[in-house]
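Given next are the chains, with one letter for each unit.
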Amino acid sequence: MAVNLAGGLCIGAKTLTNTPPKKSDAHHHALGQHPLLAGLDDAMPLRTFSPDQLNSVAAEIRDVLCNLLATRTAHFASNLGVVELCLALHCEFDFRSDRLVWDTGHQIYPHKLVTGRYHQFPSIRTRGGLMGYPNPHESVYDLFMTGHAGCSVSTAVGLRSGDVVGGQPDRRTVAVIGDGAFPSGIVFEAMNNAGELGDDLTIVLNDNKMSICPRVGAVADYLDRLRSNPFYTGLKSEVVKLLERVPMFGDPAERLLAQMKEGVKAGLLGGMLFEELGIRYVGPIDGHDIALVRKYLAMARETSGPVLLHVVTEKGHGYKPAAEDPVYFHTPPAFNDDAGTLTTQKSDGHPPYTLHAREAIRKAMTEDQRVTIITAAMCQGNKLEPVREKFPDRFFDVGICESHAVAFAAGQCKTGLRPIVDIYSTFLQRSYDQIFQEVALQDLPVTFLLDRAGLTGPDGPTHHGLFDIGYMRVFPNMVCMAPGYAAETGMMLDAALHHDHPCSIRYPKASAIELDHVPAPIEIGKCEVIREGADGTIVAFGAMLEQAIAAAESLDGDLDVGVINARFVKPMDEAMVHDTVAGGKFVVTVEEGARMGGFGSAFIESAVQQRLDTRAIRVLALPDEFIDHGDRNELLHDHGLSPVAIAQACRDAVPTGVH
Ligand SMILES: Cc1ncc(C[n+]2csc(CCOP(=O)(O)OP(=O)(O)O)c2C)c(N)n1
Ligand SMILES: CC(=O)[C@@H](O)[C@H](O)COP(=O)(O)O
Ligand SMILES: [Mg+2]
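Just so you know, these numbers come straight off a predicted model, no measurement behind them.

## Regarding helix α19 (residues 432-440)
At step 1: When α19 is considered as a whole, its buried residues turn out to be Gln 434, Ile 435, Val 439 and Ala 440. Each buried residue of α19 lies within a common arc of 145 degrees when the element is viewed along its axis, so the set occupies one face.
At step 2: Buried residues belonging to α19 abut α17 (402-414), α18 (425-428), β11 (447-451) and α20 (468-473).

## Let's talk about the coordination of the magnesium ion (ligand 3)
At step 1: Looking at the magnesium ion (ligand 3), the protein donor atoms are Asp 179 (OD), Asn 208 (OD1) and Met 210 (O), and they sit 2.0 to 2.1 Å from it.
At step 2: Within one chain, the residues serving as donors to the magnesium ion (ligand 3) are arranged as D-x28-N-x1-M. A residue pair is termed long-range when its members are at least 10 positions apart, and Asp 179 in the loop between β2 (173-178) and α7 (185-197) and Asn 208 in the loop between β3 (201-207) and α8 (218-228) qualify at 29 residues.
At step 3: On the accessibility criterion, Asp 179 (3% relative accessible area) is buried.
At step 4: In this structure Asn 208 comes out as buried when scored by relative accessible area, which is 12%.

## Looking at the UniProt feature "binding site: Mg(2+)" (unreviewed entry) in the protein
At step 1: Those residues carrying the UniProt feature "binding site: Mg(2+)" (unreviewed entry) are Asp 179 and Asn 208 in this numbering. The named residues occupy 30 residues along the chain; their greatest pairwise C-alpha distance, 6.8 Å, places them in one compact cluster.
At step 2: A polar contact is formed between the side chain of Asp 179 and the backbone nitrogen of Asn 208, at a distance of 3.5 Å.
At step 3: Excluding its chain neighbours within four sequence positions, the residues that come into contact with Asn 208 are Asp 179, Arg 227, Thr 313, Glu 314 and Lys 315.

## Overview of the pattern of salt bridges
At step 1: The tally for this structure, following the rule as stated, stands at 37 salt bridges.
At step 2: Among the salt bridges present, the one from Arg 172 reaches Asp 200, with a minimum N-O distance of 3.8 Å. Highlighted residues: Arg 172 in the loop between α6 (152-165) and β2 and Asp 200 in the loop between α7 and β3, separated in sequence by 28 residues.
At step 3: The salt bridge involving Arg 473 is made with Glu 605; its shortest N-O contact spans 2.9 Å. A residue pair is termed long-range when its members are at least 10 positions apart, and Arg 473 in helix α20 and Glu 605 in helix α24 (residues 599-609) qualify at 132 residues.
At step 4: For Glu 605, a relative accessible area of 41% corresponds to the partly exposed category.
At step 5: Residues participating in the shared-partner salt-bridge network are Asp 179, Asp 207, Lys 209, Arg 215, Asp 224 and Arg 227.

## A closer look at the UniProt feature "domain: Transketolase-like pyrimidine-binding" (unreviewed entry) in the protein
At step 1: Cross-referencing UniProt, the feature "domain: Transketolase-like pyrimidine-binding" (unreviewed entry) maps to residues 351-515 in the present numbering.
At step 2: Between the C-alpha atoms that bound residues 351-515 there is a distance of 14 Å. The span itself is 39% helix and 16% strand.

## So, the site of ligand 1
At step 1: Lining the immediate environment of ligand 1, one finds 22 residues, of which Ser 78, His 106, Gly 180, Lys 315 and Glu 402 sit closest.
At step 2: Within the backbone of Gly 180, one N or O atom sits 2.6 Å away from an oxygen atom of ligand 1.
At step 3: Summarising the interface, the protein chains cover 97% of the accessible area of ligand 1, which totals 590 Å² for the free molecule.
At step 4: Each residue belonging to the shell around ligand 1 can be placed in one class, and the counts come to eight nonpolar, ten polar and four charged.
At step 5: Residues lining the shell around ligand 1 come from more than one domain, with at least three contributed by each of domain 1 (35-229 + 270-324) and domain 2 (353-506).

## Comments concerning the pairing of β11
Within a regular strand, the side chains alternate between the two sheet faces.
At step 1: Among the five residues in β11, five count as buried, and that is most of the element.
At step 2: With five bridges joining them, strand β10 (residues 418-424) and β11 adopt parallel strand pairing. Bridging from a neighbouring strand, Tyr 424 pairs with Asp 451 of β11.

## Observations regarding unusual backbone geometry
At step 1: Between Gly 283 and the following residue, Pro 284, the backbone shows a cis peptide bond with an omega angle of -5 degrees.
At step 2: Note on placement: Pro 284 falls in strand β4 (residues 280-286).
At step 3: The step from Lys 570 to Pro 571 runs through a cis peptide bond, and the omega angle for that step is -5 degrees.
At step 4: Its location among the elements puts Pro 571 in the loop between β17 (568-570) and α23 (574-581).

How each quantity is defined
Residues numbered from 1 in each chain as written. Chains lettered and ligands numbered in written order. Predicted model: local features only at pLDDT ≥ 70, side-chain atom pairs only at ≥ 80, totals over all residues. Heavy atoms only, no water. Buried < 20%, exposed > 50% of the residue type's maximum accessible area, 1.4 Å probe, protein only. Helix = DSSP H or I, 4+ residues; strand = E, 2+ residues; numbered from the N terminus. Arc of directions from axis to C-beta. Contact = heavy atoms within 4.5 Å. Donors = N, O, S within 2.8 Å, 3.2 Å for Na, K, Ca; no water. UniProt positions renumbered as here; feature names shortened; annotations may be inferred. Polar contact = N/O pair within 3.5 Å; in protein donor to acceptor, adjacent residues only side chain to side chain. Salt bridge = Lys/Arg side-chain N within 4 Å of Asp/Glu carboxyl O. Near = heavy atom within 4 Å. Areas by Shrake-Rupley, 256 points an atom, 1.4 Å probe, with all protein chains shown as cover. Nonpolar A, V, L, I, M, F, W, Y, C, P; charged D, E, K, R; others polar. Domains from an automatic or database assignment. Pairing = 2+ DSSP bridges.

If you want it as structure tokens, here you go:
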């Protein structure tokens, strides 16, 4: 899609115009459609571009982003918001040797487009294509493969320290962190260290007033105060005037000194929190004004010691609907914009587990006043908005602070409440010690809803939730279960809330099947038999029940295979293990999780404890490697977890001579 720069985007100004996504040739950008981006083998030429050319690059980037969103779901609003900031950074630094860490990494698209990946960009978030996050395997410009929020300042402090110790002090270091990620505890641990070390470091705080949902917490309020302090606002122009008085080619550090001499030290105006930690606070500045951002980045670059540059941007900038509704447009489904009328493809599958969980939460909170719900900034992803509205006093969004969320839940438990921590499997990893000490060790009845427990698809290795079976089941007192079909989700939540010990319930980012049967009541540690089979059994843990049933049905007439819905990995149903294994028939266990420490491992542990012959047991699970991004079904197929592969595993598992 061509962008009419004359009448189209107005980069750097506050007026918003549309760059509507259209189903154009998004998979194959014709060379010349984005002439400036197409010519960038790396970011170096940007440094020689005129302001007009930089504005044109910004417009081209937004055009690419909009075209992409016409083809697939992807991170959108965050990327639109950092276009100018990204260009300014690459103009002022050479990140082939300087160090740049984008926090979380979901806003990495403009960076990829200007660092030699424009031609591969249409493949982003598809199997075998570019990753939707930084990836050192793709480019020297990406230092860490990330997707979890909060660690950029720590890694930047470490990079700087390494360069100082290693005698390479000329390599500059920059961390860019959003206001949503900023309140994470680890950021304060990093600033604590940075202030003490005193090494040169630029922390760019990209403040767009948004996490995925509107940001929450006292730090957010503090940032708001920094923005709106009239004292500051009045003096900002003084700073600018002063900068202009100091010769352009002089030492920018002198300019900073001059500011301070003139009594406009940022610390006097705001940012005392940082100043007191030994981190120079500068800002806030308009993050859509490339020249202005460049000026301040140059100043920060030449200042000794750590500097925090507070940059204000608009999430969704340049595409009006995204700026107006950045929550929806954080990761919208693929959409077309036909002169302002947005159309998305309707999914025709069954509702996802997340929705069943939400309805179960709502029911539990209605029936029991002790039940609370805790999210770590994932209200939207967990589809909890209606719960937030209906129960504002028992809904807690603690921000991107997973460790705190778990310890907070433990505290609530001690007072008699029954908290539910609704969290993505991969993000709960942040709270491992709190699960151990504050919950399991105290034997407190916290209920963990582990959403996205499985292959999450295009987000890839940082987001697949593959390790929770292993990491949860090792703790004494913990009960670990997984629903295999829609109705079980609510039944399991109910069982957990009536169990006076910690419980976890895992389910993937997938639609939940409806089974045409009367579900057996949930009994802790007991499985459900779905169908009997004379030749062998598939034991499925969680949502893989769907694939297990399909596999067994596909074998009908060939092999008579039973299907068991395991329900629990802990406590394991020992009688079920005995009954399925003891006769010498084959057992194939199936799970959407890592093989090591997973359901199959637990099953074999039980069989061994019971001195059973384990030779006819096969474990189907994800291998001991990080799984790439791709469509969930493609990935299940790749890793032997499709119905066809499970059926084949059954055939292969039949003891020799039996069939
Ligand atoms: C540890 C962790 N928790 C939660 C998330 C999910 N998440 C991804 S982006 C995001 C919002 C980040 O807000 P901010 O840093 O301000 O970036 P913005 O999208 O506003 O640019 C959240 C909650 C995550 N990636 N990592
Ligand atoms: C960057 C990040 O961590 C989130 O935006 C994540 O990609 C959301 O995943 P879902 O789309 O599954 O909610
Ligand atoms: Mg933000």
